[in-house]
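Chain residues, written in single-letter form:
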Amino acid sequence: MTNEQNSTHSPAVDGCSVCHNPHTSDVSSKLLKKQVRLLCTECHLEEGITLPVAIDAVGYQHKPVVTERSCLHCHAPHATFFENHLRAEPLDLCFNCHNKEIITSDGVSLANIEELLKSNKIHHGPIKEKNCSGCHSPHGSDFYRILLDEYPKDFYTDIYDENNYKLCFTCHESTLLQDRETTTLTNFRDGHINLHYLHVNKPEKGRTCRACHEVHASNHFNHIRDSVPFGKIKWPLQLKYREQYTDINSGKPCTPSNSSCIKSGGSCVACHDRKFYNNIKEE
């Protein structure tokens, strides 16, 4: 607390007895007056000091928050060098738990995110910024996987609804899925035909973002997945995505080593036979 580079927690500055009983405690070996979460929310809710969510009111709670240590998993109660009294940089802090596979209360397996990011070199924007809270609420949320807004949890959807993609549209243009034809919104197009629209904006069995994209990291550009978990048993269908290149002078296929060779599209096979798209053709 005497380190001038550190940010101190105001109750600790006001006096130890704000949080601690100097003689004895029935709830903590640290002589806390109340259990950790009750003690923290005494200020952060009852006295109106900002807390992103009312933890007990949300539909999905972040597991560390509801354990005995609660807030102390991530926050230093006295002083810290990091913003918001965190114990470490946000991504490093997340890796304290997400450095292994985690089984959720509903029996779903969450990937080892640290290993996923190490083995996949192309990271999603928020990950590159080391900002997990760009998409997730670290305390809790009313949205699946403690996300900040709506995002489809399934690979297929019965009907397209723009509101189901609110999380994506905080960064990406919503017209990406609304315009049938474009030459500017996306390079995933065959001439003018918007292939995002073709795959997602369908009256039935439309694909969602996660059908083709790995939202954390991938070894393919634009976070293309290696495979799609298909059917009830999640059988991995290999996408086998291939990039296509065209010589800007001759219009013929070429290799990237040629200076006049540009990326012009791609192809994949999984849900259908191999299909090709070319985003530089005129029609």
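Above this note sits the structure.
None of these values were measured; they are calculated from a predicted model.

Draft legend 1. Region of interest: the overall build of the protein chain. Helices and strands together make up the secondary structure of the protein chain, namely six helices and 17 strands. Relative to the 2.2 N^0.38 estimate, which gives 19 Å for 283 residues, the radius of gyration of the protein chain is 24 Å and therefore markedly larger than a compact globule would have. When the backbone C-alpha atoms are referred to their principal axes, the protein chain occupies close to 85 × 40 × 30 Å. At a minimum sequence separation of 6, the contacts of the protein chain that also span at least 24 residues come to 42%. Split by element, the accessible area of the protein chain, about 18200 Å² in all, is 52% carbon and sulfur. For the protein chain, the distance from the average site of its 31 positive side-chain charges to the average site of its 35 negative ones is 8 Å.

Draft legend 2. Up close: the packing of aromatic side chains. Throughout the structure, instances matching the rule amount to five aromatic pairs. Each ring, one from Phe221 and one from Tyr241, has its centre 5.7 Å from the other, and the planes form 45°; the classification is tilted. Here Tyr241 lies in the loop between strand 14 (235–238) and strand 15 (242–247) and Phe221 lies in the loop between strand 12 (217–218) and strand 13 (227–230), a separation of 20 residues in the sequence. By relative accessible area, which is 25% here, Phe221 ends up partly exposed. Under the relative-accessibility criterion, Tyr241 is labelled buried at 16%. Site record: aromatic cluster; members linked through ring pairs are Tyr160, Tyr165 and Phe169. It is Lys205 that lies over the ring of Tyr156; its NZ or CZ is 5.2 Å from the centre.

Draft legend 3. Region of interest: the state of the cysteines. Per the counting criterion, the structure on display carries one disulfide. Each disulfide pairs two cysteine sulfurs, and for Cys254 the partner residue is Cys261, the sulfurs being separated by 1.9 Å. One disulfide, between Cys254 and Cys261, carries an S-S torsion of 90° and so falls in the right-handed class. No disulfide involves Cys40; its sulfur sits 3.7 Å from the nearest other cysteine sulfur, which is in Cys71. On the accessibility criterion, Cys40 (22% relative accessible area) is partly exposed.

Cut-offs applied
- Numbers given for residues are sequential positions, taken from 1 along each chain in its written order.
- For this predicted model, a pLDDT threshold of at least 70 governs which residues receive local features, and a threshold of 80 or more governs which side-chain atom pairs are given and counted, while totals over whole chains, interfaces and linings are taken from all residues.
- Hydrogens and water molecules were not included; the side-chain quantities draw on all heavy atoms of the structure.
- In this text, helices come from DSSP runs of H or I with a minimum length of four residues, and strands from runs of E with a minimum of two, each type numbered from the N-terminal end.
- Throughout, the radius of gyration refers to the C-alpha atoms, and the reference size of a globule is 2.2 Å times the residue count to the power 0.38.
- Working rule for contacts: check all heavy atoms of both residues, and any pair within 4.5 Å makes them a contact.
- Accessible surface is estimated by sampling points in the Shrake-Rupley manner with a 1.4 Å probe; for residues, cover comes only from the protein chains shown.
- In summary, the charge assignment counts Lys and Arg as positive and Asp and Glu as negative, without counting His or the chain termini.
- Positions of charges follow a simple convention, taking NZ of Lys, CZ of Arg, CG of Asp or CD of Glu.
- Here is the rule: rings of Phe, Tyr and Trp (six-membered ring for Trp) pair when centre to centre is within 6.5 Å. Planes less than 30 degrees apart are stacked, more than 60 are edge-to-face, and the remainder are tilted.
- For every residue, the accessible area obtained with a 1.4 Å probe (protein chains only) is divided by the maximum for its type, and the residue is called buried under 20%, exposed over 50%, and partly exposed between those limits.
- Working rule: Lys NZ or Arg CZ, within 6 Å of ring centre, within 35 degrees of ring normal, means a charge sits over the ring.
- Disulfides are defined as pairs of cysteine sulfur atoms found within 2.5 Å of each other.

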